[in-house]
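Here's the letter readout for the chains.
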Amino acid sequence: MTAHVDEIQQDGLGGIFGLRHSKDEDAPKLMLAAHMDEVGFMLASITNEGFFRVIPLGGWNPQVVSAQRFTLQTKEGDYPVVSSSIPPHLLRGKKAKKQEVTDILFDGGFSSKEEAEEYGIRPGDTIVPKVETIKMANGKTILGKAWDNRYGVAAVLEALKDLKDQDLPNHLIAGANVQEEVGLRGTKGSVRKFDPDVFFAVDCSPADDVYGGKDSFGKIGEGVLLRIQDPGFILSKEMRDYLLDTAESNDIPYQYFVSKGGTDAGAAHQLNEGIPSAVIGMSARYIHTHQTLFHIDDYDAALEMVKQVIQTFDRTTLETVSPKYKF
């Protein structure tokens, strides 16, 4: 970000943000926050046989964890590991047991706890999926890991680059939080640090267009997500109208989205004196697994929405979407 902003600041947990200062001192403070953590695991203990017991970092479906390649990150370097699984041959005649993520052992090929420790492996080390990112046959869909939330990081960076030489009607705070996947923790520190007037989370959400019905939310290829509700967040009518007007005035394809999961906007809107918040989202299939599949047209639509918000959110807009200016 350094080449595209006036200064870089970091919060105490590790969130990184670039600041652009408006020439208008009365301009509102606009915060755009992706999150740069991904789901993974933490090594909890090493068995006497050299296997690793883990705890999940973020939400995982146990059915997608077994027999996958991962990278174990240690102070001595990165090591390959594989999540354990039971071959069907050894399951014959046995009653099926519901498996939890914490039941799955991870295997680094070591013969004992002592051998693993010789390589600098300790509880608290992190484990992340090992995946190659590829284009699919049509060149429009892409398969890779952690699009939640590489999407947000990429969109914020690209928007800052594209708008580097434009005067802005706001004091822009744009970057990425940490620890979103473990309870929206990082945004609590960064929002208190920067004290924005308005907050936009830039985040990826699950598409439900494979097994969901025609009325399900989140379809790849149909545009940016206009999130109206999730368990920790309700979009205000004023913010909805601003986003709708922005999308329709600029021919940005969009779709409404209701989610069972949350984003940093769920934490941000409750902080300080209450902060008008929204989400600029896009959907991807199979998130929180090794492989996520997304459509590049959705990314283009979401990126355009990010750029339009940066270019148009001024003092008048703030007074339109914030209840404290109404009386």
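Coordinates for the structure precede this section.
Predicted, not measured: the structure shown is a model, and the values here were computed from it.

A few points about the packing of helix α2 (residues 147–162) against helix α6 (residues 296–312)
Viewed as axis vectors pointing N to C, α2 and α6 meet at an angle of 50 degrees, and their least axial separation amounts to 9 Å. Classed by the angle they form, the pair α2 and α6 counts as oblique. Where α2 crosses over α6, the handedness of that crossing is right-handed. Taken together, the residues of α6 that come into contact with α2 (itself represented by Trp147, Tyr151, Ala154, Ala155, Glu158, Ala159 and Asp162) are Tyr299, Ala302, Leu303, Val306, Lys307 and Ile310. In terms of residue class, the contact of α2 with α6 is built from 10 nonpolar, no polar and three charged.

Brief notes about the sheet that holds strand β10 (residues 134–135)
Spatially, the three strands line up as an open sheet ordered β10-β11-β18, and their pairing is antiparallel. The open sheet has two edge strands, β10 and β18 (292–295), and neither has a second partner. Relative to strand β11 (residues 141–144), β10 is paired through two bridges, and the arrangement is antiparallel. Bridge assignment links Ile134 to a residue of β11, and that residue is Leu143. Along the sheet, α6 contacts β11 and β18; its crossing angle with β18, the most-contacted strand, is approximately 65 degrees.

Overview of the packing of aromatic side chains
Here the structure, examined in full by the defined rule, presents 16 aromatic pairs. Centroid distance Tyr242 to Phe313: 5.5 Å. Interplanar angle 90 degrees. Geometry classified as edge-to-face. You can see Tyr242 sitting in helix α4 (residues 237–249) and its partner Phe313 sitting in the loop between α6 and α7 (315–321), a full 71 residues away along the chain. Accessibility assignment for this pair places Tyr242 and Phe313 in one class, buried. One aromatic cluster is present, formed by Phe41, Trp60, Phe70 and Phe106 through successive ring pairs. In this structure, Lys193 packs its charged tip against the face of Phe194, placed 5.5 Å from the ring centre.

Quick notes on a nonpolar patch on the surface
A surface patch of nonpolar side chains, amounting to about 220 Å² of accessible area, comprises Ile8, Ile16 and Met36. Inspection of the secondary structure assignment puts Ile8 in strand β1 (residues 7–10). By relative accessible area, which is 37% here, Ile8 ends up partly exposed.

Brief notes about the pattern of salt bridges
Applying the stated rule across the entire model yields nine salt bridges. For the salt bridge of Asp162 with Lys307, the shortest nitrogen-to-oxygen distance reads 3.0 Å. In this pair, Asp162 sits in helix α2 while Lys307 sits in helix α6, placing the two residues 145 residues apart along the sequence. Take Lys307: its relative accessible area is 15%, and that puts it in the buried class. Between Asp209 and Arg285 there is a salt bridge, with the nearest N and O atoms lying 3.0 Å from each other. Here Asp209, found in the loop between β13 (198–206) and β14 (224–230), pairs with Arg285, found in the loop between β17 (277–284) and β18; they are 76 residues apart in sequence, far enough to count as distant. On the accessibility criterion, Arg285 (21% relative accessible area) is partly exposed.

Here is what the cut-offs are and how they apply
Residues numbered from 1 in each chain as written. Predicted model: local features only at pLDDT ≥ 70, side-chain atom pairs only at ≥ 80, totals over all residues. Heavy atoms only, no water. Axes fitted to C-alpha atoms, helices over the stretch in contact; angles between N-to-C directions. Helix = DSSP H or I, 4+ residues; strand = E, 2+ residues; numbered from the N terminus. Parallel < 35°, antiparallel > 145°, perpendicular 65-115°, else oblique. Left-handed = near helix turned anticlockwise from the far one by under 90°. Contact = heavy atoms within 4.5 Å. Nonpolar A, V, L, I, M, F, W, Y, C, P; charged D, E, K, R; others polar. Pairing = 2+ DSSP bridges. Phe/Tyr/Trp six-rings, centres within 6.5 Å; stacked < 30°, edge-to-face > 60°. Buried < 20%, exposed > 50% of the residue type's maximum accessible area, 1.4 Å probe, protein only. Lys NZ or Arg CZ within 6 Å of the ring centre and 35° of its normal. Patch = residues over 30% accessible without salt bridge, like charges linked within 9 Å, V, L, I, M, F, W, Y side chains within 5 Å. Areas by Shrake-Rupley, 256 points an atom, 1.4 Å probe, with all protein chains shown as cover. Salt bridge = Lys/Arg side-chain N within 4 Å of Asp/Glu carboxyl O.

On their own, these measurements won't tell you what the molecule is for.
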